[in-house]
Amino acid sequence: MPESAAQLGAGRYVTTIEPPPGVSTSVCELATSDGATVTGVLRVPPGASSVITIMHPRQDVTHHSLVPYLLAAGYAVWTQGSRSPNNDLNLLHEQAIIDMAAGQVYLREAGFEQVVSLGHSGGGALTAFYCQQASLPAEQRLRAAPSGRPVPLADTTMPVPDGVVFLAPHPGQAALLLRVIDPSVTDEADPLSADPDLDPFNPANGFVAAPESSHYDEAFVGHYRTAQLDRIRRIDDVARSLAAESARANRAFKAGGDAADRRRALAPRLITVYRTDADLRNVDLSLDPNERPYGSLFGRRPDLTNYGLVGFGRLSTAEAWLSTWSALSSNADFVRCAPGVTVPALLLEFAGDQASFPSDIVRMRDALGAADLTVAAVAGTHFGGPIRPGAPTGTALAAERIRDWLDPRFAG
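Reading guide: rules and limits
Residues numbered from 1 in each chain as written. Predicted model: local features only at pLDDT ≥ 70, side-chain atom pairs only at ≥ 80, totals over all residues. Heavy atoms only, no water. Helix = DSSP H or I, 4+ residues; strand = E, 2+ residues; numbered from the N terminus. Rg over C-alpha atoms; globule rule 2.2 N^0.38 Å. Buried < 20%, exposed > 50% of the residue type's maximum accessible area, 1.4 Å probe, protein only. Contact = heavy atoms within 4.5 Å. Areas by Shrake-Rupley, 256 points an atom, 1.4 Å probe, with all protein chains shown as cover. Lys, Arg positive; Asp, Glu negative; His and termini not counted. Charge placed at Lys NZ, Arg CZ, Asp CG, Glu CD. Phe/Tyr/Trp six-rings, centres within 6.5 Å; stacked < 30°, edge-to-face > 60°. Lys NZ or Arg CZ within 6 Å of the ring centre and 35° of its normal.

Before going further, it helps to spend a moment on the overall build of the protein chain. Along the protein chain, the regular secondary structure elements total 11 helices and 12 strands. Computed over the C-alpha atoms, the radius of gyration of the protein chain is 22 Å, within 12% of the 22 Å expected from 2.2 N^0.38 for a compact globule of 412 residues. Seen through its principal axes, the protein chain has C-alpha atoms that stretch 65 × 60 × 35 Å. For the protein chain, buried positions account for 55% of its 412 residues. Contacts spanning at least 24 positions in sequence make up 75% of the contacts within the protein chain whose residues lie at least 6 apart. As presented, the protein chain carries roughly 16600 Å² of accessible surface, and 53% of it is formed by carbon and sulfur atoms. Positive and negative charge centroids in the protein chain, built from 34 and 45 side chains respectively, lie 5 Å apart.

The topology assignment puts P183 in the loop between α4 (173-180) and α5 (218-256). The class for P183 is buried, based on a relative accessible area of 4%. With sequence-adjacent residues up to four places away left out, P183 is seen in contact with L198, Y224, A227, Q228 and R231.

With that out of the way, let us pick up the packing of aromatic side chains. Tallying each qualifying case throughout the model produces eight aromatic pairs. Seen in terms of ring centroids, W78 and Y106 are 5.1 Å apart; in terms of plane orientation they differ by 40°. Their pairing is tilted. Highlighted residues: W78 in strand β6 (residues 76-80) and Y106 in helix α2 (residues 93-109), separated in sequence by 28 residues. Seen from their ring centres, Y216 and F220 are 5.4 Å apart, and the 20° between their planes marks the pair as stacked. As far as burial versus exposure is concerned, Y216 and F220 are alike and both buried. Ring-pair connections join several aromatic residues into one group, and the members of that group are Y216, F220 and Y224. Sitting over the ring of F357, R281 keeps its end group 4.0 Å from the ring centre.

Written out as structure tokens, the structure is:
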């Protein structure tokens, strides 16, 4: 298949291939079981009886780079958003899997014989969480998000996919934040505050200026990881206090009908988290080694981007923090959910990934409940770029490996 690739920066590439002829495209708006609205795009090549779904909890995947490859292989493709695409301010994963269920129901009602869910990056943990809850009897599903907000999973029709593909899955938004959050922050209101003994970019701790790899000793790494969890715990305490305050106001309004109580319940209680691009492995390539380039998902200079606007979990409501970003509270953890994935599964690693590391893949492999489990790796970076200049894109290599796995199981 003809392919050309152009680098966009920070490991991101745009790939152009020829689309197959005769594909029909439908834009759909679906109602969820709890009354929200989600949208998706269905593309169907002639004769397709199996559909591949692509969904991410917080990103628009309408133009995911795998779409044309899957269409060319003869599979229909459903790309779907959550109720808040490209805006994770109030992202609750318990609601996101309700959103995912709406798409799964729609595709079965549309007449597809087999539905395969593909989760790339954070879509992997979302898919694992969905499969875990969908496989349970309705009465055993979660009844509330970590903040205590009720979620009607028991009243939601949740078809189990016929198969799943996990492409470069990281361990979940919360587990990911735990590894990238900067524990040297001493004042949550001051983005420049830093404890020098925990500063990952302090040469005294082993940091070496880019592009040379840093060298952190085992004692510092252990101290750093413990301090990261401590910072998560401190933010958790704040989030739980704010969520409880909102819940008390809501109960008071229901009891007395006072508009002032309703205003207190509705007022956003936002949590700002500074400096979340500080995974030691992005600058010390000897830690959990693979073929990744120096740098993070956000840039080649984490010592700078860590202080910038970008980063995971930077602004959220208290409820979203507890559901999506807290490693102590979130339900959407890949490894914890993986035993509930019992359908045929492909776990596909990018050998140069900057967010999903070899140790992650081993834990995921060991945790997945699928009897039909294939684990493989292809050369590429997290977003599907080439692992080195002039090499094939990771997307193209992944597409070939995915097609080889799909065809014996799901080809029409």
